[in-house]
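Secondary and tertiary structure notes
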Amino acid sequence: MSTQRYVRDLLRGRRPRRFPADAEAAAELRAAITLAAAKPDADSPREEFVHDLHRRLSEQLAPAPTARSAPEPSSNVTPLRLGPTRRRVLLAGGVAAGAAAIGAVGDHLISADSTAGDTEAAGTLEPNVGTWRQVAASSDLEVGGVRQFDAGSVVGFVSRDAAGLRAVSGICTHQGCRLNLDPDGRQLDCPCHNTSFAVDGALVRHQLPQPPAALPHLQVRERGGQVEVYLPTV
Amino acid sequence: MSDSGERVAEPRYADWEAVYRDNVTRVYRMLYGKVGNKADAEDLTTEVFMAALGPLRLEASAPEVRSYLFTTARTVLAGHWRRTLGLEVTALDTDDERWLVDLGPEPEVPSTAPQRAEAILAQLPEPHRRILQLRFIDACSLREAAAALGITVGYAKVLQHRALKRAAALGEVAT
């Protein structure tokens, strides 16, 4: 049984394997986790881990060696200067914006560029020669809905929220794996390296040394009860 | 020393490395308490710092920075459960936040895991309490636990299963 296997993995110090749990299983695992965490010294991080994460963060944040000694005259606010990474900012748009939405984080904690819309940063796919093509019936795409489409040369996802329609590419910007819509329809998961994007294309999470770019957007419109996306003419 | 009412300025972090050094153990420890295994705790800690440090402004006070790390960690943990088991097995609550934010600057962070485990064990009947203590906290194998209790390995397995179910039922009442 999956619950028992999960407990066995916990006891053996292995990464527990995922399974669709119900409330009863969750209660049991909650108790098992609380007990497993109390093993003496179990909850101290490994030195190698702390060191390695420090190295990865240094790479990601890329602080110029002079950044701290030389003040930046032009800036009246001092967000961490972290290299020329538009992509880093997009990462912030994911988890940090999610955190901000919870309400416990004041805006002043997050540098201004992190709240910049990811839409323009991600870019919009504009084929040299394109055609509006139907990808879904309007009636199949309610507010909050997401639909996958495969138009041959381009695969992607159209979604509708209170602000309207949106279409993004369905290919991970890291190494080109096709993204899957997660079961609750809220994010797009890459099967290759645990990267996830929001349905608006913003990066939500990744475990890569450098954050991959947000997903390109596609032009989308609604005509005659059909959702259409502007795609390359083949 | 002025008394606490007259404190002039709250402490701030000099750079992202100071944020990291001062918080990596406490964030890891907090998340470990919610997932109970190293592999997941390391991944989630990585995710928290990767996501949080980039957009962070250093003029925020140390408690504000920790509060932000906490909120990021709460989001990250919720995402972890959504991806792996489909429902929220554990969550970070206001006690966790207080623990993370209110602690002083010393890098040694006392773990609250033993008290939380004890709170469960103390409510269980003797055989259940002992099997769980032996298996989870003393890291005994089933065989060792069975020998310590003077029962067969097969029964030790059954006992552990029942004890965990009982512990789970306690948790449901408590929360």
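Residues numbered from 1 in each chain as written. Chains lettered and ligands numbered in written order. Predicted model: local features only at pLDDT ≥ 70, side-chain atom pairs only at ≥ 80, totals over all residues. Heavy atoms only, no water.

**With respect to the overall build of chain A**
Put simply, the rule reads: Numbering goes from the N terminus for both helices and strands, where a helix is a DSSP run of H or I of at least four residues and a strand is a run of E of at least two. Here, Shrake-Rupley sampling with a 1.4 Å probe gives the accessible areas, and only protein chains in the shown set may cover a residue.
Along the backbone of chain A there are 5 helices and 12 strands. About 11,700 Å² of surface is accessible on chain A, with carbon and sulfur atoms providing 50% of the total.

**Some points on the layout of surface pockets**
For the record, the criterion: Cavities and pockets are defined on a 1 Å grid built over the protein atoms alone: a cavity is a set of grid points where a 1.4 Å probe fits but cannot escape, while a pocket is an open set with protein on both sides within 12 Å along at least five of seven lines, and lining residues are those with an atom within 4 Å of any such point. Grid points are joined across faces, edges and corners, and a volume is the space filled by probe spheres set on the points.
Reported here for the second largest pocket is a volume of approximately 530 Å³. Arg18, Asn194 and Arg205 of chain A together with Arg83 and Thr84 of chain B are the residues nearest the centre of the second largest pocket, which is lined by 28 residues in total. Secondary-structure elements contributing two or more residues to the lining of the second largest pocket are β6 (180-181) and β7 (187-189) of chain A together with α2 (38-53) and α3 (62-84) of chain B. It is α3 of chain B that provides the largest number of residues to the lining of the second largest pocket, a total of 5 residues.

**Comments concerning the nonpolar core**
Rule in force here: Joining through side-chain atoms within 4.5 Å is the link that ties buried Ala, Val, Leu, Ile, Met, Phe, Trp, Tyr and Cys residues into a set, and such a set is a nonpolar core. Exposure categories follow from relative accessible area, calculated using a 1.4 Å probe and restricted to protein chains: below 20% of the type maximum is buried, above 50% is exposed, and the middle band is partly exposed. By convention here, the domain bounds are inherited from an automatic or database domain assignment. For this analysis, residues touch if any pair of their heavy atoms sits within 4.5 Å.
Formed by 77 residues in total, the largest nonpolar core has its most connected members in Phe49, Leu132 and Phe136 of chain B. In terms of residue count, the dominant contributor to this core is helix α1 (residues 16-35) of chain B (11 residues). Structurally, this core is a two-domain feature, drawing no fewer than three residues from each of domain 1 (16-100) and domain 2 (113-174) of chain B. Excluding anything up to four places from it in sequence, Phe136 of chain B contacts Val7, Leu11, Ala32, Leu35, Ala36 and Lys39 of chain A together with Leu164 of chain B.

**Considerations on the pairing of strand β12 (residues 226-232) of chain A**
All names here are of chain A. Spelled out, the test is: At least two bridges found by DSSP between two strands is the condition for calling them paired.
Most of β12 is tucked away: 5 of the 7 residues are buried. Relative to β12, strand β2 (residues 130-137) runs antiparallel, the two being bridged by 7 bridges. In the strand pairing of β12, Ala136 is matched with Val227. Across 4 bridges, strand β11 (residues 220-223) lies against β12 in antiparallel orientation.

**What about the environment of Phe19 of chain A?**
Mapped onto the fold, Phe19 of chain A is located in the loop between α1 (2-11) and α2 (23-36). With a relative accessible area of 9%, Phe19 of chain A lands in the buried category. In sequence terms Phe19 of chain A and Tyr6 of chain A are 13 residues apart; their C-alpha atoms lie 8.8 Å from each other. Ignoring sequence-local partners within four residues, the contact set of Phe19 of chain A consists of Ser2, Thr3, Tyr6, Ala25 and Leu29 of chain A together with Thr84 and Leu85 of chain B.

**A closer look at α1 of chain B**
The periodicity of an α-helix, 3.6 residues per turn, causes residues three or four positions apart to be oriented the same way. Residue and element names in this part refer to chain B. The criterion, for reference: At any given residue, the bend is defined as the angle formed between two axes, one fitted to the seven residues that end at that position and one fitted to the seven that begin there.
Approximately 45° is the largest bend angle found in α1, and it occurs at Asn23. Taken across its 20 residues, α1 has 17 buried, putting it largely inside the fold. After α1 finishes, the residue Gly36 shows a positive phi value of roughly 70°.

**Describing helix α4 (residues 94-102) of chain B**
Those residues of α4 of chain B that fall on the buried side of the exposure criterion are Asp96, Trp99, Leu100 and Val101 of chain B. Those residues of α4 of chain B that are buried lie in contact with α1 and α3 of chain B.

**Concerning the confidence of the model for chain A**
Residues and elements named next belong to chain A. How we decide: By definition, pLDDT measures how confident the predictor is in each residue, and it falls between 0 and 100.
Confidence along chain A averages 76 in pLDDT terms, with 74% of residues attaining 70 or more. When pLDDT is averaged over each helix and strand of chain A, the minimum, 40, is found for helix α4 (residues 86-102) and the maximum, 95, for α2. Ignoring residues within four places in sequence, the model shows residues 65-107, a span with pLDDT below 50, making 77 contacts including any to other chains. Below a pLDDT of 50 lies the segment residues 112-121, which in the model reaches 13 contacts outside its immediate sequence neighbourhood of four places, other chains included.

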